[in-house]
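One-letter residues, chain by chain:
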Amino acid sequence: MHGVNHMTIPIRKFDTLVIGAGGGGLRAALQLAQADANVAVVSKVFPTRSHTVAAQGGMNAALANVLPDNWHWHMYDTVKGGDFLGDQDAIEYMCHAAPRLVVELEHIGVPFSRLDNGKIYQRPFGGQSQNFGGAQAARTCAAADRTGHAILHALYQQNIRAKTHFFDEYFAIDLIKDDEGYILGALVLEIETGEPLIIQAKTTLIATGGAGQLFRTNTNARINTGDGMAMALRAGIPVQDMEFFQFHPTGIAGKGMLISEAVRGEGGYLVNGNGERFMERYAPNAKDLASRDVVSRAVATEIHEGRGCGVNKDHILLKVDHLGSEVIRKRLPGIRDMVMTFLNIDPIDAPIPIFPTAHYTMGGIPTNRFGQVVVPQQQGAEEPVPGLYAVGECACVSVHGANRLGGNSLLDIVVFGRAAGNHIIEYLKENRYSRVASQCSIDAAVAHLARWDQRGSPMGSGASSETVDGLRNELKAIMDHYCGVFRTEDVLRAGLDKMLKIEQRLQNVYLRDHSKVFNTARIEAFELENLVELALATVASALARRESRGAHMRMDHPQRDDVKWLKHSLFFKGGMLDYKPVRMKPLTVEGFSPKPRVY
Amino acid sequence: MRFSIYRYNPETDTAPTMQTMELADADVTPDMMLLEALRLLKAHDESLTFRHSCGEGVCGSDAMNINGRNGLACITPLVGLTQPITLRPLPGMPVIRDLVVDLSQFYHQYRSIKPYLVVHDPEPETEYLQSPQERDKLDGLYECILCGCCSTACPSFWWNPDKFRGPAALLQAYRFIADSRDQATAERLDALEGPYRLFRCHTVMNCVDVCPKGLNPTKAIGQIKKIMLKHLI
């Protein structure tokens, strides 16, 4: 790349560039390809290796196949689960669309598990109720415990059928735009050859997933480095509600692999070192199926107060052996495999040691319910950025508010992937002609691409010993320690100081491997830059929010404060914070007003 | 702990070499998987190149040849591997760099079996009904993660990667034939006729032996042959 003149960078032109080939990106691409839009999907991994593949438990929809259900009840649960920070227009839209979209997935081939009457199998999941807070509901449509795999593969297969254009193993560096602020695609890097490529498009959809790699112990794949969110930040777009990071109550203790909520949905429960079913004390009604933030705090509290399990009292046990071999083999085969592989335990015989583990980024690129990226401008708090869309975990619609319900993530990506696809089709009708990217936006992206071609000073003359691997390990340890389940002003402030130092030190990191072909060291360096941006956003947003809501627990401000803090945070690159109101008004029904959240 | 790792960088190397690499015993924990060891080795030498992502055996990125046998690094425990642990790229595929191979041919074969549900009837407004027994027939088929361990362990695929579909693609072909909702069985069978696409399988069963998900492509291939025979009669 040294000295590469950007005039020599090849350009490809499409109607739409989709960045990311998980469920959100593929659902949008399918909608577009079927409407004969010319769509390119760029993914840093082969599509079926995207992290949607790891989703286990299922996808919520009020089909009422097992117990009575209603999309309005689903909406209530989602608003309450998000501790009233979710935007209720988007939540109504999602819950209302859910049954139709599950059926659509079934029609394209997803191998859902079945009930005796031939309909889609549904299981109970956390935070679900009938009749606005009544008895437990069974709303999660499942393909055993491999629902994400089943959905991702089916969506990829349909895209093969629709002849979507895939750029597999291309890494997106930065967005490009014109002088009026229209987003016009991105500069990308072909990993195999190390060659840059400009993909010009009238519309760009970011669907790059979450940033679970911010934390040392997490359930996420290595690729979950929040690339799209960081790209948006660099393009001047804020990220919203980053202080809300979900810790899943049941990661494998000490390792982090996810043990699906489906295990508790099928009847598993948590016990502490005294053999007590402690969730009864924290959530008398929902018990083990309270929402994830509640269960995670309960698990952390039990361990903190000396009631953990094992020699070091450092974990909690998830008891499943009472479910019987038949249920475990049939409904939880993937979990059983994983526990046997990583713990040498067969859950048919013995309980699973678990610990709360970083899992899901509730925050992300602010969008409206059409998937359009929206930012504060002169006219208002939510003005669309022309040509730019975002869906899925990298976006913040916000349907999950301060805490996502299990089973709502696969739903989110399918609903808003489709909605964004539809909106893009309309946009393309009105914007038929390509715009011209501004030179300075291309120059900036090319300069960024060249960053990791820099070589450190020769050994001996003050050569830096900093490495990508070393700095990344420090970043994750800082996030674990200073921005975990329980937070305080002092700890967050110390964490922010440490992260700012990491940001400084990143300037002194140089690669030793400068080869072009499949240089994964270079990709990891770009990913680390992205993680640093998002770690700063997360800690700074958490420090500013002096209340406890959903997944954000401030020990020094333990109450929710709807007077001061019923609002979304917006973090801008450079550290500025802004706020905007929560959309409390749904589309057709009455809004749900904040009330005490009890499970 | 000693490793012998296939190294090849097309920009600097004229031929591949096997490089000895070592991890201090203090860095190795008893329950460690091979992928973690590779990550530690890469921390020392960032030029060491391999794919990986989920770390739990569901994304299929880190397939490689481990002591002569294809598998996923992330779910292969170090304990039980004879030293030096010899790592090579998946056999028979063009090597891009180190342990990274070009899987284009493998993906092409997957796409060519039309791996998607085909239904000719008008769609109902609810889900297609499928009994639990009908759904059971998809178990052992739909779980494939496209890691490539099976096809790249198959001698028939090594000789004819352009003509023989290979075990992974054929497993998926059967996944759709076996699906009670699919209405393209005849077309699917027709598309597998001839001496190569299906019939190059000589039941060597390497695919069954190496599949990290415990699937059985040989059995699926046998089922396709059986159904073909029935259709002939």
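Since this is a predicted model, take the numbers as computed values, not measurements. (Residues numbered from 1 in each chain as written. Chains lettered and ligands numbered in written order. Predicted model: local features only at pLDDT ≥ 70, side-chain atom pairs only at ≥ 80, totals over all residues. Heavy atoms only, no water.)

(A) Inspection of the sheet that holds strand β3 (residues 59-60) of chain A at higher detail. All names here are of chain A. In space, the three strands of this open sheet follow the order β3-β5-β4, with antiparallel pairing throughout. The outermost strands of the open sheet, each flanked by one partner alone, are β3 and β4 (122-123). Bridging between β4 and strand β5 (residues 140-141) involves two bridges; their strand directions are antiparallel. Note that in β5 the partner of R123 across the bridge is T140. (Pairing = 2+ DSSP bridges. Helix = DSSP H or I, 4+ residues; strand = E, 2+ residues; numbered from the N terminus.)

(B) Representation of the pairing of strand β16 (residues 372-377) of chain A within the structure. All names here are of chain A. Pairing analysis gives four bridges linking β16 to strand β17 (residues 380-390), with the strands arranged antiparallel. Looking at β17, one finds that V374 is bridged to P384. Hairpin connection between β16 and β17: a loop of two residues separates the two successive antiparallel strands.

(C) Representation of the nonpolar core in the model. Ranked by internal contacts, the top residues of the largest apolar core, which has 264 residues, are L214 of chain A together with F3, L38, L78 and L87 of chain B. A per-element tally of this core places helix α15 (residues 520-544) of chain A first, with 15 residues. Two domains each put at least three residues into this core: domain 1 (248-357) and domain 2 (455-581) of chain A. The contacts of F3 of chain B, once residues within four sequence positions are left out, are Q19, T20, M21, L23, L34, A37, L41, L78, P84, I85 and L87 of chain B. Core analysis: the next-biggest nonpolar cluster, separate from the first, contains seven residues, Y360, M362, A402 and V582 of chain A among them. (Core = buried A, V, L, I, M, F, W, Y, C linked by side-chain atoms within 4.5 Å. Buried < 20%, exposed > 50% of the residue type's maximum accessible area, 1.4 Å probe, protein only. Domains from an automatic or database assignment. Contact = heavy atoms within 4.5 Å.)

(D) Region of the structure containing the interface of chain B and chain A. On the side of chain A, 60 residues touch chain B, which itself brings 61 residues to the contact. Where chain B abuts chain A, roughly 4,900 Å² becomes buried across the two surfaces, and 51% of that area is made up of carbon and sulfur atoms. The largest contributions to the chain B side of the interface with chain A come from E46, E56 and E127 of chain B, which together make up 14% of the buried area. Across the contact surface, chain B and chain A share eight salt bridges. Here E169 of chain A and R51 of chain B are joined by a salt bridge, their closest N and O atoms 2.7 Å apart. At the junction of chain B with chain A, the criterion picks out 37 residue pairs in polar contact (both at pLDDT 80 or more). Contributing elements (two or more residues each) for the side of chain B that touches chain A: α1 (34-44), β6 (95-97), α2 (104-112), α3 (132-136) and α5 (166-177) of chain B. (Buried area = accessible area lost by both parts, 1.4 Å probe. Salt bridge = Lys/Arg side-chain N within 4 Å of Asp/Glu carboxyl O. Polar contact = N/O pair within 3.5 Å; in protein donor to acceptor, adjacent residues only side chain to side chain.)

(E) A look at the domain arrangement of chain A. Residue and element names in this part refer to chain A. Split by domain assignment, chain A resolves into domain 1 (248-357) and domain 2 (455-581). Between the C-alpha centres of domain 1 and domain 2 the distance comes to 30 Å. Facing four residues of domain 1, the contacting portion of domain 2 comprises five residues. When domain 1 packs against domain 2, the two sides together hide about 390 Å² of surface, and 75% of this comes from carbon and sulfur. Three residues stand out in domain 1 for area buried against domain 2, namely D293, R297 and A300, and they jointly supply 79% of the buried area on that side.

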